[in-house]
Amino acid sequence: TSEVFFPIGTTSYSPVWITNSGTVDRISASVIKDNEESPFGGRVKLIWNILEDIPGGGDYTLQFGWTTVMENAAFRTDRENCAKIFNLTDTAEAGTGDYTTQFDKQPYTVSRGGISNLGPFVVGIFTGETGLIEISGDVSNGFVLSQNFPNPFSLLTTISFEIPEKSFVSLKVRNLIGEEITELAGKEFLPGLYSVTFDASRLTRGIYYYTIKAKGFVQTKEMIIL
């Protein structure tokens, strides 16, 4: 229940303070730089990843810190309204109750309690429909990328996609910092529904993304390896 300080950073100082009034657990925290823009307003260009050894049972207050260099222009001009905490696992605003902010000195901070689900967190303005996790092109043309199943998973998962016309399809998996892990498809397909199996046995646990590109259609979804 005492606040624990994680003095982490990327190219700049990006600390986290964590308090847990729920079940005792061991917590790990890391942070990476992320240059994706939020389509809904300002953001801090960081992703903090916070994990429990045993998921569930925690009741967390999380406080995130950052420096000016990690803010985009929209965030810098309106910190008070943009400083919201979102969990990228479901792109939902995390926690309950009031926010506590500090913008008088760096690192600036924002905190909120009532957080039970851990994972990757961002500070800024995001939504659960078209945030960082699912970026869609024109889905009305019949192209479909399905959520992998099962998800989360530990070894194998299946990814399905549908194309309405003969198309060259690229399907790639990348990690949190955008590095390509593998290419699951990279050839021409006839119209139809297809499934591919992704083997994650050589990868460490965490968050990964898979992206399809076909005839101007681009979509990215998230998967979690346990």
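Here's what I pulled together on the structure shown here. Throughout, a residue's number is its position along its own chain's written sequence, starting from 1. The predicted origin of the model limits local features to residues at a pLDDT of at least 70 and limits the giving and counting of side-chain atom pairs to 80 or more, whereas totals for whole chains, interfaces and linings rest on all residues. Excluding hydrogens and water, the side-chain values take into account all heavy atoms of the structure.

A few points about the pairing of strand S17 (residues 206–214)
At step 1: Counting buried positions along S17 yields 8 of 9 residues, so the element is predominantly enclosed.
At step 2: In the sheet, strand S14 (residues 167–174) pairs with S17 via 5 bridges, with the strands oriented antiparallel. By the bridge assignment for S17, Arg 174 is matched with Tyr 209.
At step 3: Pairing of S17 with strand S18 (residues 217–225), which is carried by 9 bridges, proceeds in the antiparallel orientation. Whether a residue is buried, partly exposed or exposed follows from its accessible area with a 1.4 Å probe, protein chains only, as a fraction of its type maximum: under 20%, in between, or over 50%, in that order. Only DSSP runs of H or I with at least four residues qualify as helices, and only runs of E with at least two residues qualify as strands; both kinds are numbered from the N terminus onward. What makes two strands pair is DSSP finding at least two bridges between them.

Some details on the sheet that holds strand S13 (residues 156–163)
At step 1: In spatial order, the strands read S12-S13-S16; together these 3 strands make up an open sheet with antiparallel pairing. Each edge of the open sheet carries a strand with a single partner, namely strand S12 (144–145) and strand S16 (192–199).
At step 2: With 2 bridges connecting them, S12 and S13 associate as antiparallel partners. Following the sheet pairing, Leu 145 is matched in S13 by Phe 161.

Details of the pattern of salt bridges
At step 1: Every case where a carboxyl oxygen of Asp or Glu lies within 4 Å of a side-chain nitrogen of Lys or Arg is listed as a salt bridge. Per the counting criterion, the structure on display carries 8 salt bridges.
At step 2: Notably, a salt bridge pairs Arg 79 with Glu 71, separated by 2.7 Å at the nearest N-O pair.
At step 3: Taken together, the shared-partner salt bridges in this structure form one network comprising Glu 71, Arg 76 and Arg 79.

Points about the packing of aromatic side chains
At step 1: Each pair of aromatic rings taken from Phe, Tyr and Trp, with Trp reduced to its six-membered ring, is defined by centres within 6.5 Å and is described as stacked if the planes are under 30 degrees apart, edge-to-face if over 60, and tilted in the remaining cases. Following the criterion strictly, the structure yields 11 aromatic pairs and no others.
At step 2: Between Trp 66 and Phe 75, the ring centres sit 5.7 Å apart and the planes meet at 80 degrees, which makes this aromatic pair edge-to-face.
At step 3: Their ring planes at 90 degrees and their centres at 5.4 Å tell us that Phe 161 and Phe 189 sit as a pair that is edge-to-face. Linking Phe 161 in strand S13 with Phe 189 in strand S15 (residues 180–189), this pair joins segments that are 28 residues apart in sequence. Just as Phe 161 is buried, Phe 189 falls in that class too.
At step 4: Connected via pairs of aromatic rings, a cluster forms that spans Trp 66, Phe 75, Phe 103 and Tyr 108.

Overview of the side chain of Thr 220
At step 1: Position of Thr 220 among the secondary structure elements: in strand S18.
At step 2: On the basis of relative accessible area, Thr 220 is assigned to the buried category, the value being 5%.
At step 3: A polar atom in the side chain of Thr 220 sits 2.8 Å from the side chain of Thr 211. Polar contact is defined as a pair of N or O atoms within 3.5 Å, subject to the rule that within protein one atom must be able to donate a hydrogen and the other to accept it, and that residues adjacent in sequence are counted only when both atoms are side-chain atoms.

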